[in-house]
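Observations on chain architecture
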Amino acid sequence: MRIIRDFHYVETHDRGASAAIGNFDGVHLGHQAVINLARQADERIPLGVVTFEPHPREHFAPDSPPFRLMSARARASRLKKLGVKKLYELNFNTSLATLSPEEFAQKVIHQGLGLSHIVVGTDFCFGKGRAGSAADLRRYGQDFGFSVTIADLIEDGNETISSTAIRTALSNGNPKKAAQMLGHWHRIESVVVRGEQRGRELGFPTANLSIEGLHPPMYGVYAVLIDILDGQHLGAYQGVASLGVRPMFGENQPNLETYLFDFSGDLYGTTLSIGFVDFLRPEKTFDTQNELIAQMAHDCHQARTKLRTP
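Residues numbered from 1 in each chain as written. Predicted model: local features only at pLDDT ≥ 70, side-chain atom pairs only at ≥ 80, totals over all residues. Heavy atoms only, no water.

Another point: the layout of surface pockets. With a probe scaled to a water molecule rolled over the atoms, the places where space remains empty come into view. When its volume is computed, the largest pocket comes out at roughly 1,000 Å³. Gly-22, Asn-23, Phe-124, Cys-125 and Arg-130 are the residues nearest the centre of the largest pocket, which is lined by 39 residues in total. Contributing elements (two or more residues each) for the lining of the largest pocket: helix H1 (29–41), helix H2 (56–60), helix H4 (94–97), strand S6 (125–126) and helix H7 (163–171). In the lining of the largest pocket, the residues fall into 19 nonpolar, 13 polar and seven charged. (1 Å grid on protein atoms, 1.4 Å probe; cavity = no way out; pocket = protein on both sides within 12 Å on 5 of 7 lines; lining within 4 Å. Points joined across faces, edges and corners; volume = space filled by probe spheres on them. Helix = DSSP H or I, 4+ residues; strand = E, 2+ residues; numbered from the N terminus. Nonpolar A, V, L, I, M, F, W, Y, C, P; charged D, E, K, R; others polar.)

Taken together, the six strands give an open sheet; going across it, the order is S1-S4-S3-S2-S5-S8, and neighbouring strands pair in parallel fashion. Whereas interior strands pair on both sides, the edge strands pair on one side only; in this sheet they are strand S1 (2–4) and strand S8 (147–151). Recorded for the sheet is a direction-independent mean angle of 25° between the axes of neighbouring strands. Pairing analysis gives four bridges linking strand S2 (residues 18–21) to strand S3 (residues 47–53), with the strands arranged parallel. The partner of Ile-21 across the bridge, within S3, is Val-50. Sitting on the sheet, helix H5 (residues 101–113) is in contact with S2, S3, strand S4 (86–91) and strand S5 (117–121), with an inclination near 135° to S4. Those strands touched by helix H6 (residues 134–144) are S5 and S8, and its axis lies near 165° from that of S8. (Pairing = 2+ DSSP bridges. Axes fitted to C-alpha atoms, helices over the stretch in contact; angles between N-to-C directions. Contact = heavy atoms within 4.5 Å.)

With respect to the helices, strands and loops of the structure, Asp-227 is situated in strand S13 (residues 220–228). For the pair Asp-227 and Leu-153, spaced 74 residues apart in the sequence, the C-alpha separation amounts to 31 Å. The residues contacting Asp-227, other than those within four sequence positions of it, are Arg-187, Gly-235, Ala-236, Thr-271, Leu-272 and Ser-273. A polar side-chain atom of Asp-227 sits 3.5 Å from a polar atom in the side chain of Arg-187. (Polar contact = N/O pair within 3.5 Å; in protein donor to acceptor, adjacent residues only side chain to side chain.)

With 30 residues, the main nonpolar core has Val-50, Leu-90, Leu-96, Leu-113, Leu-115, Ile-118 and Leu-137 as its most contacted residues. Contributing elements (two or more residues each) for this core: S2, S3, S4, H4, H5, S5 and H6. Look past the residues within four positions of Leu-90 in its chain and what remains in contact with it is Ile-4, Arg-5, Phe-7, Val-50, Thr-51, Phe-52, Glu-53, Leu-96, Val-108 and Leu-113. In this structure, Val-192, Leu-209, Ile-211 and Phe-276 belong to the second largest nonpolar core, which totals 19 residues. (Core = buried A, V, L, I, M, F, W, Y, C linked by side-chain atoms within 4.5 Å. Buried < 20%, exposed > 50% of the residue type's maximum accessible area, 1.4 Å probe, protein only.)

With that out of the way, let us pick up H1. When the terminal C-alpha atoms of H1 are compared, their 18 Å separation across 13 residues agrees well with the 18 Å that a helix rising 1.5 Å per residue should span. Turning to H1, its buried residues are Gly-30, His-31, Gln-32, Val-34, Ile-35 and Ala-38. (Expected span 1.5 Å × (residues − 1).)

Glancing now at H7. Within H7, the full set of buried residues consists of Ser-163, Ala-165, Ile-166, Arg-167, Ala-169 and Leu-170. Directly beyond the C-terminal end of H7, a positive phi value near 70° is found at Gly-173.

Attention now moves to the environment of Phe-126. Secondary-structure assignment places Phe-126 in strand S6. According to the relative accessible area criterion, Phe-126 is buried, its value standing at 4%. With 29 residues separating them along the chain, Phe-126 and Ala-97 place their C-alpha atoms 9.1 Å apart. With residues near it in sequence (within four places) discarded, Phe-126 still touches Pro-101, Phe-104, Ala-131, Gly-132, Ser-133, Asp-136, Leu-137 and Tyr-140.

Below, the structure is given as structure tokens:
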């Protein structure tokens, strides 16, 4: 998959794609449906996705609480698995944000990226002040020579599948509901950093990941699936993870600490993808270290049971 970040400089072989447009945070089932329509429009031409980095919400409200379900790297990895060949990850800046809907259609989609077909959701808005609608985009496509498909929203029961609904499920400690809407386990992907090595001292060495910039699921302990994405231990594992601020040890930055079952090795600097399968319990403090160790052993037993049929 090729990643193109500047619509002003697009090589000839990266033009002419059939592309879905959106933020694709989480790459949930609704996003996947839009991408599949772009794929089906003309299978003779490359499948593309047009998205933005940073997320427009981060541009307009940089001090808002973290809300993203996945990093740009994790999103790109997921899109590649879906068969996307051209990822137009456009730099969202003031210049792009101030384009009118017509200017966006003409300068970005037509002249810049040279797309032949566009697929958007029925709630798609674009251009300065989100003034352009999906219907407007179809009209501009007629003017500038690209076709447009407008996709219906996908529902899970009586609820429309959306990144907002998935965030709510995760905040409520319900990763299974989130997975139903995502079509895959919710994952946090990041590089292992050095922690305070308390887990090693307690007999449960953990891989520590930062969750900076990401929407945090409910703090607590989870049964997880782990993919080691690089390094000498490449592969799939199972484990238990603690997400939160570790209240027993004072005030701490939120992070994700993961214990891999039946594993021994150095993971510092390695990229892990942690899939949240089931919520086991909330964070809590213990009167003694021995009580904590006993609880951790119980967490591991419970996680192994849950992961037999994830």
